[in-house]
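Listed below are the residues making up each chain.
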Amino acid sequence: MNHPLINDFHNKLREQVRDFAEKEIKPLAQELDDRGEFSAELTRKMGKLGLFGMTLPEEYGGRNLDTLSYIIAVEELARVDSSQAATMAAHNSLGIAPIYKYGSAEQKIRLLPKLVTGENIWAFGLTEPNAGSDARAVETSAVHNGNQWVINGQKVFITNSASELSMGITLLANTGQDSNNKEFSTILVEREQSEYLAEPITNKMVWRAADTGRLTFRNTLAPKENLLGEQGKGMRYMLETLDSGRLSIAAVGLGLAQGAYEMAKAYAGVRKQFGKTLLHIPAISDKLADMDIKLELARNYLYYSCWLKDNNLPFKKQAAIVKLYTSEIAKQISDEAVQVFGAYGLFKDNDVERFFRDQRILGIGEGTSEILKLVIGRSL
């Protein structure tokens, strides 16, 4: 790919991840979606390929790569299957990143090397039945009892939280005196040492092959030293983590849109109507041209946003813009792709039907245009 921010390494990485997605993920994607099944095997293979901890220093088992490399990898997975891209994005941006950025030396040395192999995945615990976009509505509590935190509450719709590979969760909890005097802190809750109920959420419309869970904490104990960062700063840590996370979800939207476009283009090149292929019918070629324009604009702005982050420049506004834009074009392009296929695009044995469903999650919750426009507006 010719792009001013892309070098030979980025191109080789793209080829490597695309080859993996085509050979390892694509043959299984439809079957996993049909069964609503998370694949531990594919996750382990992603770990062996080096897709976990890509931006971590080598001392923790990472590859010390730039943000753009990571985003390209997410994009290429989503081009084939958003479920696997979601597993990778949530684990890297929401699971690993807060531990590396805010964790103590002991926490990083103890946890991070275990989270780069693909044998374990980590979750990010913000959303609750009554809290999501309104993060301050979090009701989960954590109180001191000697050398332990005693945790009570529930988290829901948590990616990478309920499968056999889930090793634990970074939990946002109220560590204040009561619900009227909230103080938010983040606590690392490890599955082996803390008892909590993890239930897989099934019958989803989207990301059916991703691990989505409902977690219940009833007097769950976690060591006092598992506090992440400083007490009372958990909300700041969570919101800063979401800024970076928006880039990876934007990459999911871009990759999904790219995959839908390519399917529509390939079909238009072989499907004949009125004695010629759909590519030679202006109504269809115009649709494909519009898709291509949107993809170019989205990719350029996403890569620019990554460049800002890698150069330690402000990127909060840009991350919100590109997440909003890629969510919108994923919806538009997948819809138009189904239109190109006509009735054939409405059946589950056609990959474009899965892409049409998967894009819907990108505009839900924190991805809604109202929330993202609020973030953008506050930066002006």
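Up top is the structure.
Structure report, in brief. Just so it is clear, the model here is predicted, and its values are computed rather than measured.

1. As for the layout of surface pockets
Point 1. Considered as a void within the structure, the second largest pocket measures approximately 680 Å³ in volume.
Point 2. Lining the second largest pocket are 30 residues, and of these Thr 55, Thr 67, Ala 97, Ser 244 and Lys 309 sit closest to its centre.
Point 3. If you list the elements that add at least two residues to the lining of the second largest pocket, you get helix H3 (67–78), helix H4 (82–102), helix H6 (234–268) and helix H7 (282–310).
Point 4. Here the residues of the lining of the second largest pocket are counted per class, giving 14 nonpolar, ten polar and six charged.

2. Details of the packing of aromatic side chains
In this description, an aromatic ring pair is defined by two values, namely the gap between the centres and the angle between the planes.
Point 1. For the structure on display, the rule yields six aromatic pairs.
Point 2. Ring centres 5.8 Å apart and planes at 55° place the aromatic pair Tyr 301 and Tyr 304 in the tilted group. Of the two residues, Tyr 301 and Tyr 304 are both situated in helix H7; the distance of three residues between them amounts to about one turn of the helix.
Point 3. The class for Tyr 304 is partly exposed, based on a relative accessible area of 36%.

3. Re the pairing of strand E4 (residues 166–174)
Point 1. Of all nine residues in E4, nine are buried; the element is thus mostly enclosed.
Point 2. With five bridges connecting them, strand E1 (residues 121–125) and E4 associate as parallel partners. Following the sheet pairing, Gly 125 is matched in E4 by Leu 171.
Point 3. With seven bridges joining them, E4 and strand E5 (residues 184–190) adopt antiparallel strand pairing. Looking at the pairing, Thr 170 lines up with Leu 188 of E5.

4. Structural notes on the nonpolar core
Side chains that are nonpolar tend, in soluble globular proteins, to be buried together.
Point 1. One finds Leu 77, Met 88 and Leu 302 to be the most contacted residues of the largest nonpolar core, which totals 66 residues.
Point 2. Counting residues per element, the ones that place at least two in this core are helix H1 (8–35), helix H2 (40–48), H3, H4, H6, H7, helix H8 (316–341) and helix H9 (351–358).
Point 3. Setting aside residues up to four positions removed in sequence, Met 88 forms contacts with Leu 51, Phe 52, Met 54, Tyr 70, Ala 73, Val 74 and Leu 77.

5. Topic: helix H10 (residues 369–378)
Point 1. Those residues of H10 that fall on the buried side of the exposure criterion are Leu 372, Val 375 and Ile 376. Projected onto a plane normal to the axis of H10, the buried residues spread over an arc of 100° and lie on a single side. Among the exposed residues of H10, those pointing more than 90 degrees away from its buried face are Glu 370, Lys 373 and Arg 378.
Point 2. Of the surrounding elements, those touching the buried residues of H10 are H6 and H8.

6. Concerning the side chain of Lys 155
Point 1. Tracing the sequence through the fold places Lys 155 in strand E3 (residues 148–159).
Point 2. Overall, Lys 155 belongs to the buried group, its relative accessible area being 0%.
Point 3. Among the polar contacts made by the side chain of Lys 155, one reaches the main-chain carbonyl oxygen of Gly 125 at a distance of 3.4 Å.
Point 4. Within the structure, the side chain of Lys 155 is placed 2.9 Å from the backbone oxygen of Leu 172, a separation counted as a polar contact.
Point 5. Not counting residues within four places of it along the chain, the set of residues in contact with Lys 155 comprises Gly 125, Leu 126, Thr 127, Glu 128, Val 138, Thr 140, Leu 171, Leu 172, Gly 213, Arg 214, Leu 215 and Phe 217.

Thresholds applied
Residues numbered from 1 in each chain as written. Predicted model: local features only at pLDDT ≥ 70, side-chain atom pairs only at ≥ 80, totals over all residues. Heavy atoms only, no water. 1 Å grid on protein atoms, 1.4 Å probe; cavity = no way out; pocket = protein on both sides within 12 Å on 5 of 7 lines; lining within 4 Å. Points joined across faces, edges and corners; volume = space filled by probe spheres on them. Helix = DSSP H or I, 4+ residues; strand = E, 2+ residues; numbered from the N terminus. Nonpolar A, V, L, I, M, F, W, Y, C, P; charged D, E, K, R; others polar. Phe/Tyr/Trp six-rings, centres within 6.5 Å; stacked < 30°, edge-to-face > 60°. Buried < 20%, exposed > 50% of the residue type's maximum accessible area, 1.4 Å probe, protein only. Pairing = 2+ DSSP bridges. Core = buried A, V, L, I, M, F, W, Y, C linked by side-chain atoms within 4.5 Å. Contact = heavy atoms within 4.5 Å. Arc of directions from axis to C-beta. Polar contact = N/O pair within 3.5 Å; in protein donor to acceptor, adjacent residues only side chain to side chain.

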